[in-house]
Each structure stands twice: as structure tokens, then as C-alpha cells.
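Next come the chains, spelled out residue by residue.
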Amino acid sequence: MKDERIQAVVHQSQAMGFSILYFGMLAIFLFRMVYLKQSVRDFGDFALVWLIAGLSPSLLTAMRGGLDTSQKPGRARWLAPMFSALVITGFQVYYNLAEGVGYSQAIGWISSLLTLAVSFVIALTLLTLNQRLLEFLQRRWERHNLE
Amino acid sequence: MGDEVFPNRVRLARLEKGYTQQELADLISVTRQTIGLIEKGRYNPTLSLCLRLARALGKSLDELFWDGGGEGHER
């Protein structure tokens, strides 16, 4: 029996399970990096699977024509990379302080400002590339299914 | 969707035919719970399922689901 409601409920539950797994693993990674002082190399295999799993929903959505193209990115185009850059810089400041690199000298401020600027540019580039890729996949789906 | 209610006349049409919810569910290959939710207007079925329901109950889509332009909703 293929009851569409049952299928929808199962999909919603699976999506919830995925979110728990996704954010749970993120919390574990942060715990390992911040508290246990582990390098990403110590759990790189898990991080790679986590990264692929995190990217796959949006890619699969675009490949199946589910991208919402009616919404313009607006301020989110800048806010999301800025948020990422602030989080990365926060980590860098934490490590600087833990390693004894003080902010009484210019080098501390310069390194953090550089981290902020570079991570913002990288995050903006990655998000823009990701958006272009999603739009490309959506257009390809449209060509195959709507034309 | 959420708490949105979709009024319809599925329950009346089913009773006219003398089917139980389980019998109707078996006819169109869904669960009894799905029929119950549709009758209460708490589940919005796909067009495909609406058509299967209409065929099974011998009614048109209008007769089952058209709300008369927002007046005289039947529960």
C-alpha cells in the first residue's frame, strides 16, 4: 500500500532524524575541537560524510526542480557569509588567547582582522558558487521536464 | 498547511454508498486513518488521491471538494 500521507509522515520524520544527526555531529565536532583540542584531521572521515550529507539536500532539491526561485537572496547574501566569518574569527580569537597571543599588541588585532576579511571573502565565494550550481541544476531540470 | 482545514463532503458520500472508512480505504489503497483525516478536513489529499476517491464514491470532484466559493461549507 502506497498511502501518500504515510509516505509524507515518514519523510518528515526522516528529515527530523537527519536534523538531529546533522546538528548532533556538529556539536560533537565543536566539542572535540574546542574542548578536546583535536584537529579536524582526527575526525576528517566523519567530517567529510557530514559535509556531503549537509550539501546533498539542497543539491537533490535543485536536481528535482524544488528550488524556490521566487525569493531573492537580498540581505542574506551578505549576512550569511558575515555570520560564518564572525564564527571563524571567534574561534581564531579563542585559539589566540589560549596560545598566549595577546591583543595588547598589533599582531593579534591584525591577524584577527585578516581572518575576518579572508573568511568573509571565502564564505561569500563558496555561497555564490553554491547558488550558481543550484540554479544550474534547476535550469537543467526545467529543460528536461518543462520544455 | 499546519492547522488549515479543508472542508469536503467525503463522509456524506461514503455513508450514501454504505461504506465503512476501512472499506473505502481498502478500495483506494490508503489507510483508514487517512480517510478519517480527509473527512475531518485535516489532511489535504493530492489530486491523484482526490480522483481515486471520486471514482470510488461515484461522485465528481466538485461534489466532493468544491466549497461553493467560500459559502456554505459542509463538515
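Residues take numbers from 1 onward in each chain, read along the sequence in its written order. Each chain gets a letter, beginning with A, and each ligand a number, beginning with 1, in the order they are written. Totals for whole chains, interfaces and linings use all residues, but because this is a predicted model, local features are given only for residues with pLDDT of at least 70 and pairs of side-chain atoms are given and counted only at 80 or more.

Asker: Can you tell me about helix H2 (residues 44-63) of chain A, naming the residues and giving the values?
Answerer: Residues spaced three or four apart along an α-helix point in a common direction, a consequence of the helix completing one turn every 3.6 residues. Between its first and last C-alpha atoms H2(A) spans 27 Å; for 20 residues at 1.5 Å apiece the expected length is 28 Å, and the two agree. If you look at H2(A), its biggest bend is around 35°, right at A:Ser56, and the proline A:Pro57 turns up within four residues after that. The helix count covers DSSP runs of H or I at least four residues long, the strand count covers runs of E at least two residues long, and both are numbered beginning at the N terminus. An expected span of 1.5 Å times one less than the residue number is assigned to each helix. In this analysis the local bend is the angle between axes fitted, respectively, to the seven residues ending at and the seven residues starting at the residue.

Asker: Just give me the short version of the nonpolar core, but keep the residues and values in it.
Answerer: Residue and element names in this part refer to chain B. Counting residues in each nonpolar core, the largest one holds nine residues, listed as Val10, Ala13, Leu24, Ala25, Val30, Ile35, Ile38, Leu53 and Leu57. Breaking this core down by element, the ones donating at least two residues are helix H1 (10-17), helix H2 (21-27), helix H3 (32-40) and helix H4 (47-57). By definition, residue pairs are in contact when their C-beta atoms, positioned from the backbone, come within 7 Å. In this structure Val10 touches Ile38, Glu39, Leu53 and Leu64, once residues within four positions along its chain are discounted. For this entry, the nonpolar core is defined as buried Ala, Val, Leu, Ile, Met, Phe, Trp, Tyr and Cys residues connected by C-beta atoms within 7 Å. Residues are called buried when their C-beta atom has 20 or more other C-beta atoms within 10 Å, exposed when it has 12 or fewer, and partly exposed otherwise; all C-beta atoms are positioned from the backbone.

Asker: I'd like a rundown of the environment of B:Cys50, residues and numbers included.
Answerer: All names here are of chain B. Structurally, Cys50 is set in helix H4. Judged by local crowding, Cys50 falls into the partly exposed class, with 17 C-beta atoms found within 10 Å. The spatial distance from the C-alpha of Cys50 to the C-alpha of Asn8 is 11 Å, given a sequence separation of 42 residues.

Asker: Pulling in residues and values, what's your account of helix H3 (residues 76-98) of chain A?
Answerer: Residue and element names in this part refer to chain A. Given a rise of 1.5 Å per residue, 23 residues ought to cover 33 Å, and the 33 Å separating the end C-alpha atoms of H3 matches this to within 8%. Those residues of H3 that fall on the buried side of the exposure criterion are Pro81, Ala85 and Thr89. Of the residues one or two after H3, Gly100 is the one with positive phi, at around 85°.

Asker: Requested: an account of unusual backbone geometry, with residues and values cited.
Answerer: For A:Lys37, which is not glycine, the phi dihedral falls at a positive 60°. With respect to the helices and strands, A:Lys37 occurs in the loop between helix H1 (4-34) and H2. Given 10 C-beta atoms within a 10 Å radius, A:Lys37 is considered exposed. Residues other than glycine seldom take positive phi values, yet B:Ser29 does so here, at roughly 60°. Take B:Ser29: it is sitting in the loop between H2 and H3. Classification of B:Ser29 by C-beta neighbours within 10 Å gives exposed; the count is 11.

Asker: So what about the domain arrangement of chain A? Which residues, and what values?
Answerer: Residue and element names in this part refer to chain A. Note that domain bounds follow an automatic or database assignment of domains. Per the domain assignment, the segments making up chain A are domain 1 (1-63) and domain 2 (71-147). Relative to domain 2, the C-alpha centre of domain 1 lies at a distance of 20 Å. The class makeup of the residues in the side of domain 1 that touches domain 2 is three nonpolar, one polar and no charged. Charged residues are taken to be Asp, Glu, Lys and Arg, nonpolar residues to be Ala, Val, Leu, Ile, Met, Phe, Trp, Tyr, Cys and Pro, and polar residues to be all remaining types, Gly included.

Asker: Now, about the packing of H1(A) against H2(A): what can you tell me, with residues and values included?
Answerer: Residue and element names in this part refer to chain A. Every axis corresponds to a line fitted to the C-alpha atoms, with the helix fit spanning only the stretch in contact, and the corresponding angles, defined between N-to-C directions, vary from 0 to 180 degrees. H2 packs onto H1 with a crossing angle of 145° between their chain directions and a minimal axis gap of 11 Å. In terms of crossing hand, the pair formed by H1 and H2 is left-handed. Between H1, through Tyr22, Met25 and Phe29, and H2, the contact on the second element is made entirely by Phe46, Ala47, Trp50, Ala53 and Gly54. Partitioning the contact of H1 with H2 into residue classes produces seven nonpolar, one polar and no charged. With the far helix as reference, a near helix turned anticlockwise by less than a right angle produces a left-handed crossing, and one turned clockwise produces a right-handed crossing.

Asker: Give me the lowdown on the confidence of the model for chain A, citing residues and values where you can.
Answerer: Scored from 0 to 100, pLDDT records how confident the predictor is in each individual residue. A residue-level look at chain A finds 99% of positions with pLDDT of 70 or above and a mean pLDDT of 90. When mean pLDDT is taken per element in chain A, H1(A) scores highest with 95 and H3(A) scores lowest with 87.

Asker: Tell me about the interface of chain A and chain B, and please be specific about residues and values.
Answerer: Taken together, the contact between chain A and chain B spans six residues of the former and eight residues of the latter. Residue composition of the side of chain A that touches chain B, grouped by class: two nonpolar, no polar and four charged.

Asker: Summarise the environment of A:Ile28; cite the residues concerned and give the values.
Answerer: Secondary-structure assignment places A:Ile28 in helix H1. Residues A:Ile28 and A:Ala85 lie 57 residues apart in sequence; the distance between their C-alpha atoms is 21 Å.

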